[in-house]
Amino acid sequence: MIHTTQHPKDITVVRPGVERLTAVNAKAFKDAVVALIEDGASQLIIDFGTVTFVDSSGLGALVGVLKRVGHRGDLVVCGLNADVAQMFQICRMDKVFTVYTSADAAVQKLAENQ
Amino acid sequence: MPNTLDAVDPMVVALCAHVAEALPPAVLVRFQICLSEALTNVVKHAGAPASAVIDVDATINPDAVLIELFEAEGANPFDPRDHAVDLAALDPLAESGRGIGLILHCADAVEYSAPDGPARLSLTFKRDQTGDLE
């Protein structure tokens, strides 16, 4: 379900591949990203640019991915529309994840940090 | 709607479209979050068979939009108010447990009754506000 784009310095941009990340597909999303991590990806950007809605299951999956990355790498998010940003804010996820406006901005920052 | 997870999103989208003209945009965001969490909770935790049906009524009143979810026959009664979760107090790295808190946070009023027939969850959204809640 996910789509990935590789960038220099082992940075991987992940697009969820669904318009709505909810209870019906959150586990599949998490499993797919965890598989990337197990294959060695450690600098991850989750690009929500085409996602219009995220429910608590979607956020839970994202937190699960973050915990799987742990201290071995970095995971940031980008491209939140106003509705998704409000969901992040209500659930205090804006305090957990570093949020960038675009994938390009996130790629640049992660590359600079290495 | 069918008592299945894949039926939740289409129902939420349809309900949002139905009330879009009646609610300010910021309230509509809360409406969508609340409905998604409430329907998902009913499907996942009420214990009714997948063949059961959840009835959803939407009423646009002059001052508020009222959503009534009639749980499927055989569902276990579940009053979300008895399981209130303070979202601010929840472990930010918890992977679950936000749904009930979101229902209570995003609706302006939550009522629950379980008479002899199907249990009813009522969610009210006021129409005359900006909708921003912290």
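From a predicted model like this one, the values you see are computed outputs, not experimental measurements. (Residues numbered from 1 in each chain as written. Chains lettered and ligands numbered in written order. Predicted model: local features only at pLDDT ≥ 70, side-chain atom pairs only at ≥ 80, totals over all residues. Heavy atoms only, no water.)

Colleague: So what's going on with the overall build of chain B? Residues and values would help.
Modeller: What chain B contains, in helices and strands, is three helices and four strands. Computed over its C-alpha atoms, the radius of gyration of chain B comes to 14 Å, within 12% of the 14 Å expected for a compact globule of 134 residues. For chain B, the spread of C-alpha atoms along the three principal axes comes to 40 × 35 × 30 Å. Counting the 134 residues in chain B, one finds 48% classified as buried. Of the roughly 6200 Å² of accessible surface on chain B, a fraction of 53% belongs to carbon and sulfur atoms. Here chain B holds 7 positive side-chain charges and 21 negative ones, and the gap between their average locations is 4 Å. (Helix = DSSP H or I, 4+ residues; strand = E, 2+ residues; numbered from the N terminus. Rg over C-alpha atoms; globule rule 2.2 N^0.38 Å. Buried < 20%, exposed > 50% of the residue type's maximum accessible area, 1.4 Å probe, protein only. Areas by Shrake-Rupley, 256 points an atom, 1.4 Å probe, with all protein chains shown as cover. Lys, Arg positive; Asp, Glu negative; His and termini not counted. Charge placed at Lys NZ, Arg CZ, Asp CG, Glu CD.)

Colleague: Break down the interface of chain A and chain B for me, citing the residues and quoting the values.
Modeller: It is common to report an interface's size as the accessible area lost on association of the parts. Contact residues are listed per partner, giving 23 residues for chain A and 28 residues for chain B. Of the roughly 2100 Å² buried between chain A and chain B on both sides combined, carbon and sulfur atoms contribute 57%. When the buried area of chain A at its contact with chain B is split by residue, A:Arg20, A:Gln86 and A:Ile90 rank highest and sum to 25% of it. Summed over the shared surface of chain A and chain B, the result is three salt bridges. Between B:Asp9 and A:Arg20 there is a salt bridge, with the nearest N and O atoms lying 3.2 Å from each other. Along the contact surface separating chain A from chain B lie seven residue pairs in polar contact (both at pLDDT 80 or more). Where the side of chain A that touches chain B is concerned, the elements lending two or more residues are α2 (56-69) and α3 (82-90) of chain A. It is α2(A) that contributes the most residues to the side of chain A that touches chain B, seven residues altogether. (Contact = heavy atoms within 4.5 Å. Buried area = accessible area lost by both parts, 1.4 Å probe. Salt bridge = Lys/Arg side-chain N within 4 Å of Asp/Glu carboxyl O. Polar contact = N/O pair within 3.5 Å; in protein donor to acceptor, adjacent residues only side chain to side chain.)

Colleague: Account for the pairing of strand β4 (residues 120-126) of chain B, naming residues and giving values.
Modeller: Residue and element names in this part refer to chain B. Pairing of strand β2 (residues 64-70) with β4, which is carried by seven bridges, proceeds in the antiparallel orientation. Its bridge partner lying in β4, Leu69 is registered against Leu121. Here strand β3 (residues 109-113) pairs with β4 via five bridges, running antiparallel. Residue pairing for β4: Ala109 is matched across the bridge by Thr124. Hairpin connection, β3 to β4: the antiparallel pair is bridged by six residues. (Pairing = 2+ DSSP bridges.)

Colleague: Kindly report on the nonpolar core, identifying the contributing residues and their values.
Modeller: Of all hydrophobic cores here, the largest spans 73 residues; its most connected members are A:Leu75, B:Phe31, B:Leu35, B:Ile67, B:Leu123 and B:Phe125. Of all the elements, helix α2 (residues 25-45) of chain B adds the most residues to this core, at 11 residues. Among residues more than four places away in sequence, those in contact with A:Leu75 are A:Leu44, A:Ile46, A:Leu62, A:Val65, A:Leu66, A:Val69 and A:Phe97. Counting 10 residues, the second-largest nonpolar core is a separate cluster that includes A:Ile11, A:Val13, A:Val76 and A:Val107. (Core = buried A, V, L, I, M, F, W, Y, C linked by side-chain atoms within 4.5 Å.)

Colleague: Just give me the short version of helix α3 (residues 99-106) of chain B, but keep the residues and values in it.
Modeller: Of all eight residues in α3(B), seven are buried, a share of seventy percent or more. Listing the buried residues of α3(B) in full gives B:Gly99, B:Ile100, B:Gly101, B:Leu102, B:Ile103, B:His105 and B:Cys106. Buried residues belonging to α3(B) abut α2 and α3 of chain A together with α2, β3 and β4 of chain B.

Colleague: If you had to explain the packing of α2(B) against α3(B) to someone new, which residues and values would you point to?
Modeller: Residue and element names in this part refer to chain B. Closest axis-to-axis distance for the α2/α3 pair is 8 Å, and the angle between their directions is 140 degrees. The angle between the axes of α2 and α3 places the two elements in the oblique class. Relative to α3, α2 is oriented so that their crossing is left-handed. Of the residues in α3, those in contact with Arg30, Ile33, Cys34, Glu37, Ala38 and Asn41 of α2 are Gly99, Ile100, Leu102, Ile103 and Cys106. Per-class residue counts for the contact of α2 with α3 are seven nonpolar, two polar and two charged. (Axes fitted to C-alpha atoms, helices over the stretch in contact; angles between N-to-C directions. Parallel < 35°, antiparallel > 145°, perpendicular 65-115°, else oblique. Left-handed = near helix turned anticlockwise from the far one by under 90°. Nonpolar A, V, L, I, M, F, W, Y, C, P; charged D, E, K, R; others polar.)

Colleague: Before we move on, could you go through the sheet that holds β3(B) and cite the residues and values that matter?
Modeller: Residue and element names in this part refer to chain B. Pairing in this open sheet of four strands is antiparallel, and the strands run β1-β2-β4-β3 from one edge to the other. If you trace the sheet from one side to the other, it starts and ends with β1 (55-60) and β3, each paired once. The sheet shows a mean angle of 15 degrees between the axes of neighbouring strands, direction not considered.

Colleague: Can you break down the environment of B:Thr59 residue by residue, with the values?
Modeller: Residue and element names in this part refer to chain B. Positionally, Thr59 belongs in strand β1. We classify Thr59 as partly exposed; its relative accessible area is 31%. Residues Thr59 and Thr4, spaced 55 residues apart in sequence, show a C-alpha to C-alpha distance of 24 Å. If we skip the residues at most four places from it in the chain, Thr59 touches Ala64, Val65 and Leu66.

Purely geometric numbers; function is a separate question.
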